[in-house]
Amino acid sequence: MLGPAILAASRSDKMRRIVSAAPVTKPVVNRFIPGETVDQVIPIVEDLTRKGLEVTLDVVGEDITTVEQSYAARDAYLELIARLADLGLGEKAEMSVKLSMFGQALEGGHELALANVRPVVEAAAAIGTTVTLDAEDHTTLDSMFAIHEELRRDFPQTGCVIQAYLFRTEADAHRLAAAGSRVRIVKGAYKEPAEVAYQDKAEIDKAYVRILKILMEGEGYPMIGSHDPRLIAITQELARKAGRKLDEYEFQMLYGIRSEEHLRLAAEGHRMRVYTAYGTDWYGYFMRRLAEKPANLLFFVRSMITKN
């Protein structure tokens, strides 16, 4: 019951004002969303990379309603890439994009999203980095995978995300685990119906391991999006059995969550990438994360208490 209520709050201007004005809000948000502008997030990127970590950057914003907003999203990423180029951070920082932000849900949205994301991918490649297409709800995935396939013709390093809780994902993993591919696997956080997704946590975890095994035994580059210590240990064992070197896969975790684990994995020689979101739409982003999976509320609170 929490999910719809939180989602409604994410779209309420009144709730935005109340939450934004609350004294406790800013420290909580800052823990997970380190800034609203490029100027605020660049020092974070510099600090993380100095510590031996890598970064993927997400300019937050999903629920756009106009073509002009999709152009603004494209331009925000182009500005970010230009700043990374100036600082020589291209090889350490990639971008994550949600195609909904590039106009995917608008009329003619598939073509619009492709037209908007292509210059971002091209600019990223020019500075030695790449872009990963984030997965959204299941109704958007055929379009996302088609755009991914189209982009890879010219930019084969373009990555995509698959979600373990969807029934379709094992088949997607077999198709994507090819030479040169970059695939991030996550459990999945959107509220999906039982007709298309596992609902039980144990079943989702089992699916995650099955799919991870497919990726590790394939020819692509797996990116493991998880904070779960058990899945991290399973990843290391599957990588060992598959004969993978430490630079032939990577871990990815959210900024502000289990930060000490980020450093531990990097110190062991693993590639560790921190998913870092920023932007003025932090309120909508933060509330939507809670709406997708209300259990995140407890997770965030626990993270605040433990500080790692």
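Our structure's up above, just so we're on the same page.
Report follows, based on the coordinates. (Residues numbered from 1 in each chain as written. Predicted model: local features only at pLDDT ≥ 70, side-chain atom pairs only at ≥ 80, totals over all residues. Heavy atoms only, no water.)

1. What about the overall build of the protein chain?
From N to C terminus, the protein chain includes 13 helices and eight strands. Scored against the burial criterion, the 308 residues of the protein chain give a buried share of 52%. Intrachain contacts of the protein chain at a sequence separation of at least 6 include 73% that bridge at least 24 residues. Surface accessibility of the protein chain: about 13900 Å² in total, with carbon and sulfur atoms responsible for 57%. (Helix = DSSP H or I, 4+ residues; strand = E, 2+ residues; numbered from the N terminus. Buried < 20%, exposed > 50% of the residue type's maximum accessible area, 1.4 Å probe, protein only. Contact = heavy atoms within 4.5 Å. Areas by Shrake-Rupley, 256 points an atom, 1.4 Å probe, with all protein chains shown as cover.)

2. Comments concerning the packing of helix α9 (residues 201–217) against helix α10 (residues 229–241)
One way to put it is that α9 packs onto α10 with a least axis distance of 10 Å and a crossing angle of 25 degrees. Between α9 and α10, the angle falls in the class roughly parallel. Once α9 is placed against α10, the crossing between them reads as right-handed. Contact residues: D205, Y208, V209, L212, K213 and M216 in α9; R230, L231, I234, T235, L238 and A239 in α10. Considering only residue class, the contact of α9 with α10 consists of eight nonpolar, one polar and three charged. (Axes fitted to C-alpha atoms, helices over the stretch in contact; angles between N-to-C directions. Parallel < 35°, antiparallel > 145°, perpendicular 65-115°, else oblique. Left-handed = near helix turned anticlockwise from the far one by under 90°. Nonpolar A, V, L, I, M, F, W, Y, C, P; charged D, E, K, R; others polar.)

3. A few points about the sheet that holds strand β6 (residues 221–225)
Ordered by their spatial adjacency, eight strands build a closed barrel running β1-β2-β3-β4-β5-β6-β7-β8, and the pairing between neighbours is parallel. Strand-to-strand twist across the sheet, computed as the mean angle between neighbouring axes with direction ignored, equals 30 degrees. Bridge analysis of strand β5 (residues 182–186) against β6 gives four bridges, and the strand direction is parallel. By the bridge assignment, I185 is partnered in β6 with I224. (Pairing = 2+ DSSP bridges.)

4. What to know about unusual backbone geometry
Most of the time, phi is negative for any residue but glycine, and the peptide bond is trans. In this structure, R258 is a non-glycine residue whose phi angle is positive, near 55 degrees. The residue R258 is located in the loop between β7 (250–254) and α11 (259–267) in this model.

5. Quick look at the pairing of β5
Taken across its five residues, β5 has four buried, putting it largely inside the fold. Where strand β4 (residues 159–163) lies against β5, four bridges are found, and the strand directions are parallel. Within the sheet, the bridge partner assigned to Q163 lies in β5 and is V186. Each parallel crossover has a hand, and for β5 linked through α9 to β6 it is right-handed. (Right-handed = clockwise from strand over helix to strand, strands pointing away.)

6. Description of α9
Along its 17 residues, α9 runs 24 Å from first to last C-alpha, staying within 8% of the 24 Å computed at 1.5 Å per residue. Turning to α9, its buried residues are I204, D205, A207, Y208, I211, L212, I214, L215 and M216. The inward-facing, buried residues of α9 contact β4, α8 (169–176), β5, β6 and α10. Taking the backbone nitrogen of A202 as reference, a side-chain oxygen 3.1 Å away marks D200 as the first, capping residue of α9. (Expected span 1.5 Å × (residues − 1). Polar contact = N/O pair within 3.5 Å; in protein donor to acceptor, adjacent residues only side chain to side chain.)

7. A look at the side chain of R182
When you line up the elements, R182 lands in strand β5. Relative accessible area serves as the criterion here: at 11%, R182 is assigned to the buried category. One polar contact links R182 to T132, side chain to side chain, over a distance of 3.5 Å. R182 has contacts with E94, T130, V131, T132, Q157, T158, G159, C160, Y221 and M223, leaving out every residue within four places of it along the chain.

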